[in-house]
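# A closer look at the structure
Listed here are the chains, written in short residue letters.
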Amino acid sequence: PRFLPMLVEPRPWRGFQKGGFLRLRAAAMRTHGCDVQREAFLRANRGLADGVLAGLDAMGRVPWSINGPILDLVQEAWQQGGTWPDLPSLHDFEIREYEGDDPEAKELHGRRNAKLRRKNAELHSLRCDTTLKLDIA
C-alpha cells in the first residue's frame, strides 16, 4: 500500500494538498476524482477549512497503536477460517456442474454458478485486503 501508518509525526496541514505525509502527496479529503467536492473544500469559509485542517493535525499527533489482545483474537479467528462477522471466509462457495437434461434448469444452474463465481471473486479480494491489514498490524 502507498499510505502506511507513520513512525513520525506528519507535517501540519496548510492547504488541501499541503501537509500530512513527509514524502507522499496526499489530499486533506478523499474526493475519488470528484472535482465538486474538491472545489467545495477550496471555496469553504476559511474558518471552516482551518478547523478541518486543525482537526487533521490533532489526529496526526495521536500515535498509531495496536490493541494487542484484540489483534490476537482477530488473528486467531482468521487462522481458524475467518469465522467472525467482519472477516471473510477462507473457503470459497462450492460450484457444481449441472448433471441433468432440462435446458431451463441448466440455464438457472448456470446463472447460480455465475453468482457464486462473483461471490468467490469478492471473497478473494476481501481475503487479500484482510491479509494485508493483518500484516501491517
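Only a predicted model underlies this, so the values are computations on that prediction, with no experimental measurement involved.

Quick look at helix α4 (residues 103-136) now. Across its 34 residues, α4 extends 50 Å between first and last C-alpha, which sits within 8% of the 50 Å expected from 1.5 Å per residue. Packing partners of the buried residues in α4 comprise α3 (68-79).

Further remarks concern the packing of α3 against α4. A packed helix pair is summarised by two numbers, namely the angle formed by the two axes and the spacing between the axes. At their nearest, the axes of α3 and α4 sit 12 Å apart, and the two run at 145° to each other. Crossing geometry of α3 relative to α4 is assigned as left-handed. Contacts between α3 and α4 involve L71, V74, Q75 and W78 from the first element and R127, T130, T131 and L134 from the second. Here the contact of α3 with α4 is built from residues that sort into 4 nonpolar, 3 polar and 1 charged.

Glancing now at the pattern of salt bridges. If you walk through the whole model with that rule in mind, you get 5 salt bridges. Linking R38 and E39 is a salt bridge whose minimum nitrogen-to-oxygen distance equals 2.9 Å. On the basis of relative accessible area, R38 is assigned to the partly exposed category, the value being 31%. Linking R111 and E107 is a salt bridge whose minimum nitrogen-to-oxygen distance equals 3.1 Å. Residue R111 and its partner E107 are both found in helix α4; the two are separated by 4 residues, about one turn of the helix. Accessibility expressed as a relative area gives 48% for E107, which makes it partly exposed.

This structure, assessed with the given rule, holds 0 aromatic pairs. For K119, the ring lying beneath its charged end belongs to F93, and the centroid distance is 5.7 Å.

Calculation notes
- Residues numbered from 1 in each chain as written.
- Predicted model: local features only at pLDDT ≥ 70, side-chain atom pairs only at ≥ 80, totals over all residues.
- Heavy atoms only, no water.
- Helix = DSSP H or I, 4+ residues; strand = E, 2+ residues; numbered from the N terminus.
- Expected span 1.5 Å × (residues − 1).
- Contact = heavy atoms within 4.5 Å.
- Axes fitted to C-alpha atoms, helices over the stretch in contact; angles between N-to-C directions.
- Left-handed = near helix turned anticlockwise from the far one by under 90°.
- Nonpolar A, V, L, I, M, F, W, Y, C, P; charged D, E, K, R; others polar.
- Salt bridge = Lys/Arg side-chain N within 4 Å of Asp/Glu carboxyl O.
- Buried < 20%, exposed > 50% of the residue type's maximum accessible area, 1.4 Å probe, protein only.
- Phe/Tyr/Trp six-rings, centres within 6.5 Å; stacked < 30°, edge-to-face > 60°.
- Lys NZ or Arg CZ within 6 Å of the ring centre and 35° of its normal.

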